[in-house]
Structures are given as C-alpha cells and as structure tokens.
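Architecture and fold: a report
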Amino acid sequence: MKIVDVPAQDATVSFGGVLEKIEILRNSLRWASNLERPQIEKLLKQSNELRDEVMQLSHKERFISASAKAKTRAQLSSAERRQALLDRQFVYDGVFGDNPALLECLETAEKAAPTDLPVLVDGESGTGKELLAKVIHANGARADRPYVSVNCGAIPENLIESELFGHKKGAFTGATSDRKGKFESAHNGTIFLDEIGELPLPGQVKLLRVLQAHEIQRVGSDEPIPVDTRVVAATNRNLLQMAQEGTFREDLYYRLSVIQVTLPPLRERRDEIPVLLDYFIDQAAELLARPPVRLSARLRRHLLNYDYPGNIRELRNIVLRMGCLADDLADIEHLPPTARPATGSTAEVQGIDITSMSLSDAKKVASDEAERHYLEEGLRAVNGKVSELARETGMNRSHLQTLLKKHGISYKDFRESAKPG
Ligand SMILES: Nc1ncnc2c1ncn2[C@@H]1O[C@H](COP(=O)(O)OP(=O)(O)O)[C@@H](O)[C@H]1O
Ligand SMILES: [Mg+2]
C-alpha cells in the first residue's frame, strides 16, 4: 500500500491546510488493509506534525482573542486585568497580584509569546527575568520545543563562540570532536541569552550576524547551518547606556529589543509582597516537608516594608531560611542579619531614613503602621472577636479579614485564653 506524502509544513499554518492534510491521512488509512511498521511510523509522524500545527493554530487563536480583549484594557481595573490573564489560561510558573506595572509586563509577555519577535527583559537581579523568559516560551507555539538557556556572563571569553555556535573537531586545542552549539540545540525552540550585557564585543558581532542571517557556522567550519531560533535576552544592565559608552553594540541592542519588558524592583511593587510571602511559605513547607511557618506580627510588618535589594530571589531565600530555622512562629531573629531592621532594635520599625525613602513611601509606611495599630487595638478591645470588631467599627467583615491577613495579625493572639499567663 502506498502512503501519500503529506505536503511539508508551510511557514504559515492555516485551518484549510490542516484540513487538507487530515483528508490525505484519512485516505491513507481508509485504503489500508494491513500496515507494515515503517508505514505505521510514517503515519504517526504525519499525525504528530498535524498535532503541532493544530497547537500552533490554537495558540494563534488565543493570541487573537487576547488582543481583541486587550482593546478594553484601559477600562479594566487591575483586579480585572489579573483575572482576565488567568481566564485566558496564561501559563505562569509563579504568582502575581494586582500590581499594574507587573501586569503590564505580563500582558506584554503574553502578546509577544506567540510571535517570533526577539524580547529583551531587563530589571534588577532577582526580579524574575528568567522566569519571564520561560513564560514567553511556555505561552508560545514553540512551547513543546527546546528551551535552551545560556548565561553569557558565565562562559570564559575564549569559549563563547564555541558554546553558542559549536565547533568542528580540531578547531582548537581541546576540540576533540564535533560539537553542537546552543543555537543549534535550540533549533525550532527558544534560546535564552541571560546576562547579555556581559557578552564581549567580538561575541556581540558574531551574534548579530547570526540574528541577521538565521544561520550559524561552527567554529572551524565554513558550512552554514540554518537555525530557526526565537531569541529572548535578559540583562540587569542598561544596554542603551552601554551602547553610548561603546561597550555594547547599538545595532545588536536594537535587534534584541524589538519588544522590551522592564521588570520593576520588588520595592516598587510592594503590594505583591503578601502574595509572594504566602506562595513561598507554602513552597518552603512542601520543600522542607513541614507545616507552613507563621510570621509574628512585627516580622510580617518588617517584611512588608523591607527594601529587598535582592528582590524576589532574596524574599524567597528569606522564607526558605525561616522555614528551616523557625519552629512554628518565625520572628525577626530568623532573618539573615543583612535583612534585619536597620535600627538594631527588634522592637518596632519606625525609624524613617529620608535618604532611602521617598515622601510617598514614607506616607505609605506610616499609614500601614496606623492601620495595623488600629486593628490590633481594636481586636484587643473586643477580645479577638472579628465579627464584633466589624460591627463596632462599621467595617465589612471580609474586608476586615483581608486587612488582618495583610498585616499578619491573627485574631487568636487577642483572645483572653491566648495571652501568656
Ligand atoms: N512572580 C513570581 N512568583 C514566584 N516566584 C518568582 C516570581 N518572580 C520571581 N520568582 C522567583 O524568584 C527567583 C529569581 O527569579 P529569576 O527569574 O531568576 O530572576 P532574575 O533572572 O531577574 O535574576 C526565582 O526563584 C524565581 O522563580
Ligand atoms: Mg537571572
């Protein structure tokens, strides 16, 4: 029996094209009386290709419907924007709250994902650049193709070219066999060029050439090898400034940053801290096989106001450390010394350092402090009864619960019986 070849996959996938291929496949199967293994393999391969095309189409559909909805984005509240992302089944291996600047980044990533456009993610160390790169890959049509990560800052200068583009046996001392580079490994998938600002100038020139020509040459070989690789790069440096100073090629910067996403530091999205705390506390509990650690009120207050120079990575490490060191209730002493309150006292975090805080931040800290004080005093007065406090203050009970949660205040600590004797 002859199995008709399904036409090769076109660059553009369409519903019509897919239907035609399914018809050919159905005809092959309809007239098959008994199939040999190689023929089964061939049919399997054809169906796998079809499945890939259908997936590609479904990604496109999602993108189109997301863009249609995006038109009304300006009218949506942050909470609605967050919910809309979740409803669109945006794949994100982490948590996010309602912070508008972060939502903007995620929405941009979502739109960029199904395209092959290069994306540059910048932001301080620990803000989630690598996480976002994976998100861009995971939400695109290449999701089940390779994702290859290269840390440009971690490769010795003389090996960068071979690492990225591979080499031929004998190309240099130590090149004992032919070797594939990262670009070839990422063929049809995504290559993540981390710390791109650390790539030395000669490497930048070669990279630019590859991005322009869509083909690589292994070190020591003249043979061009076509590569179809989607590029996402990340840096914690200001590449434009580096370009002005002559340490980063301007043309490469523009080629990499067709879409640029700047992740805000955690201190500029403090409203995300409670969500992240909960997430990492659960993660730590699972990792360390222990019940979730509870935070003392003053520790939570400090963690909500702390500056996190190491951003989310630092927050995560702090929580892991607490999960390891604290028994049930974590307190200031379970923090690494560098993250403890600067005042030296573990009592109250009241000292405001005007050199490190803007007026609006200072107002926020003071207002948070007043809010917490109000809630604690209120709970004390009603012996820890939340419904009573709600009644007395005329506040909505669930809003009150949300506020208590935000401040890490447990009503139980205000029950008469909970007080140490
Ligand atoms: N929104 C988030 N939710 C959960 N984890 C996060 C989030 N953002 C970052 N992380 C975690 O924080 C750590 C640092 O993120 P990473 O992407 O490596 O940062 P960067 O590349 O900017 O230094 C990682 O463990 C990452 O999984
Ligand atoms: Mg990183």
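Right, let's talk about the packing of helix α4 (residues 100-112) against helix α5 (residues 129-138) for a bit. Two elements in contact, α4 and α5, have axes whose closest approach is 8 Å; the angle formed by their N-to-C orientations is 35°. Relative to α5, α4 is oriented so that their crossing is right-handed. Residue-level contacts link Cys 105, Ala 109 and Ala 112 of α4 to Leu 132, Val 135 and Ile 136 of α5. Here the contact of α4 with α5 is composed, by residue class, of six nonpolar, no polar and no charged.

Ligand 1 sits among 16 residues. The nearest are Gly 94, Gly 128, Lys 129, Glu 130 and Leu 131. Elements that contribute at least two residues to the shell around ligand 1 include exactly α5 and α13 (311-325). For the shell around ligand 1, the per-class residue count stands at six nonpolar, six polar and four charged. Looking at which domains feed residues into the shell around ligand 1, each of domain 2 (92-264) and domain 3 (266-347) supplies at least three.

Mapped onto the fold, Met 395 is located in the loop between α15 (386-393) and α16 (397-407). Beyond its immediate stretch of four places on either side in the chain, Met 395 contacts Ala 390 and Leu 400.

Turning our attention to the environment of Leu 106. Relative to the elements of secondary structure, Leu 106 occurs in helix α4. A residue is classified by how many C-beta atoms lie within 10 Å of it, and Leu 106, with 21 of them, is buried. Linking Leu 106 and Phe 96, residues 10 residues apart in sequence, is a C-alpha distance of 9.2 Å. Not counting the four nearest positions on each side in its chain, Leu 106 is found in contact with Leu 85, Phe 90, Tyr 92 and Phe 96.

Moving on, we get to the domain arrangement of the protein. Assigned domains within the protein: domain 1 (15-66), domain 2 (92-264), domain 3 (266-347) and domain 4 (361-421). Distance from the C-alpha centre of domain 3 to the C-alpha centre of domain 4: 21 Å. Of the residues lining the interface, seven residues belong to domain 3; the matching set on domain 4 comes to seven residues. Counting residues per element, the side of domain 3 that touches domain 4 draws most heavily on helix α12 (residues 297-305), at five residues. Its residues assigned to classes, the side of domain 3 that touches domain 4 shows four nonpolar, one polar and two charged.

Examined against the element boundaries, Asp 178 turns out to sit in the loop between β3 (166-167) and β4 (179-180). Exposure remark for Asp 178: the 14 C-beta atoms within 10 Å place this residue in the partly exposed category. Put simply, Asp 178 and Val 232 are 54 residues apart on the chain and 27 Å apart in space, counted from C-alpha to C-alpha. The contact partners of Asp 178, leaving out residues within four places of it in the chain, are Lys 168 and Lys 169.

Here the focus is the sheet that holds strand β9 (residues 259-262). Sheet architecture is open: five strands sit in the order β2-β5-β8-β1-β9, paired in parallel fashion. With one partner strand each, in any of the chains shown, β2 (147-151) and β9 form the two edges of the open sheet. The mean inter-strand angle of the sheet, taken between neighbouring strand axes irrespective of direction, is 15°. The pairing of strand β1 (residues 119-122) with strand β8 (residues 230-235) spans four bridges and is classified as parallel. Each residue of the ladder has a partner; that of Leu 120, found in β8, is Ala 233.

Quick look at the packing of helix α14 (residues 359-381) against α16 now. One can describe the packing of α14 onto α16 by two numbers: an axis separation of 10 Å at closest approach and a directional angle of 115°. When the interaxial angle is binned, α14 and α16 end up roughly perpendicular. Handedness of the α14/α16 crossing: left-handed. Contacts between α14 and α16 involve Glu 371, Arg 372 and Leu 375 from the former and Leu 403, Leu 404 and His 407 from the latter. Counted by class, the contact of α14 with α16 contains three nonpolar, one polar and two charged residues.

Turning to unusual backbone geometry, a few remarks are in order. The phi angle at His 214 is positive, at roughly 55°, despite the residue not being glycine. Considering the arrangement of structural elements, one finds His 214 in the loop between α8 (201-213) and β6 (215-217). Using a count of 12 C-beta atoms within 10 Å as the deciding quantity, one classes His 214 as exposed. Although it is not a glycine, Ala 289 sits at a positive phi angle of roughly 50°. Within the secondary structure, Ala 289 is located in the loop between α11 (273-287) and β10 (294-295). With 6 C-beta atoms packed within 10 Å, Ala 289 lands in the exposed category.

Below, the discussion takes up α13. Between its first and last C-alpha, α13 extends 21 Å over 15 residues, near the 21 Å set by a 1.5 Å rise per residue. Buried positions along α13 lie against α11 and β11 (329-330).

Below, the discussion takes up the nonpolar core. In this structure, Ala 109, Val 121, Leu 132, Ile 136, Leu 193, Val 232 and Ala 233 are the most contacted members of the largest nonpolar core, which totals 43 residues. Of all the secondary structure elements, the ones that give two or more residues to this core are α4, β1, α5, α6 (160-165), β5 (190-194), β8 and α10 (250-256). Here this core gets six residues from one element, more than from any other, and that element is α4. Residues contacting Ala 233, with those up to four places away along its chain left out, are Leu 120, Leu 193, Ile 196 and Leu 256. Core analysis: the next-biggest nonpolar cluster, separate from the first, contains 19 residues, Tyr 306, Ile 318, Val 319 and Met 322 among them.

Here is what the cut-offs are and how they apply
Residues numbered from 1 in each chain as written. Chains lettered and ligands numbered in written order. Predicted model: local features only at pLDDT ≥ 70, side-chain atom pairs only at ≥ 80, totals over all residues. Axes fitted to C-alpha atoms, helices over the stretch in contact; angles between N-to-C directions. Helix = DSSP H or I, 4+ residues; strand = E, 2+ residues; numbered from the N terminus. Left-handed = near helix turned anticlockwise from the far one by under 90°. Contact = placed C-beta atoms within 7 Å. Nonpolar A, V, L, I, M, F, W, Y, C, P; charged D, E, K, R; others polar. Near = placed C-beta within 6 Å. Domains from an automatic or database assignment. Buried ≥ 20, exposed ≤ 12 C-beta atoms within 10 Å, placed from the backbone. Pairing = 2+ DSSP bridges. Parallel < 35°, antiparallel > 145°, perpendicular 65-115°, else oblique. Expected span 1.5 Å × (residues − 1). Core = buried A, V, L, I, M, F, W, Y, C linked by C-beta atoms within 7 Å.

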